[in-house]
Amino acid sequence: MGSNMLSQEEIDALLKVSLDQAATTMSLLLNRRVQITIPRVSITTPQEISDTSPIPFIVVEVGYTEGLRGRNLLVMRTSDGAVIADLMMGRDGLKPQEIIDDFVLSALAEAMNQMMGSASALRTKS
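With respect to the pattern of salt bridges
Here is step 1 of the chain: What the rule picks out here adds up to three salt bridges.
Here is step 2 of the chain: For the salt bridge of D20 with K16, the shortest nitrogen-to-oxygen distance reads 2.7 Å. Taken as a pair, D20 and K16 lie in helix α1 (residues 8–30) at a separation of four residues, close to a single helical turn.
Here is step 3 of the chain: Accessibility expressed as a relative area gives 39% for D20, which makes it partly exposed.
Here is step 4 of the chain: Assessed through its relative accessible area of 46%, K16 is described here as partly exposed.
Here is step 5 of the chain: Put simply, R91 and D86 hold a salt bridge, and the shortest N to O gap is 2.6 Å.
Here is step 6 of the chain: Owing to a relative accessible area of 44%, R91 belongs among the partly exposed residues under this scheme.
Here is step 7 of the chain: For D86, a relative accessible area of 4% gives the class buried.

Re the nonpolar core
Here is step 1 of the chain: Counting 17 residues, the largest nonpolar core has M26, L30, V60, M76, I84, M88 and L108 as its most contacted members.
Here is step 2 of the chain: For this core, the secondary structure elements donating two or more residues are α1, β1 (57–63), α3 (78–88) and α4 (102–125).
Here is step 3 of the chain: Contacts of M76, omitting those with residues within four sequence positions, involve P56, F57, I58, V60, G81, I84 and L108.

Thresholds, definitions, all that
- Residues numbered from 1 in each chain as written.
- Predicted model: local features only at pLDDT ≥ 70, side-chain atom pairs only at ≥ 80, totals over all residues.
- Heavy atoms only, no water.
- Salt bridge = Lys/Arg side-chain N within 4 Å of Asp/Glu carboxyl O.
- Helix = DSSP H or I, 4+ residues; strand = E, 2+ residues; numbered from the N terminus.
- Buried < 20%, exposed > 50% of the residue type's maximum accessible area, 1.4 Å probe, protein only.
- Core = buried A, V, L, I, M, F, W, Y, C linked by side-chain atoms within 4.5 Å.
- Contact = heavy atoms within 4.5 Å.

Any functional reading would require information that these geometric values do not contain.
Right under this line is the structure:
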């Protein structure tokens, strides 16, 4: 291509590499094998996210610090978030706390930051 635009194939390849790296990071955090499927990428509004997400849900947001403009949102069921936080604390994930408090939200934000950080570090090395 003669422009600065990436082809769809290039975008797909970069996304796969980034997701593989993010899954590796989550696997290390949780001490469990993690597989991340190809996400749905779209421009949306908070209302659309609210209308289409499983209730109750948690939204973890990570903004870009350079290069790109925008945000990454990880939307998950509260029960999944509680299990992830429980596993991050070295427990078995079978009896996570039922109340989503600042501790759980902080753990999920840290997981998202580490996943995005590892994926972006991989990209900048290319």
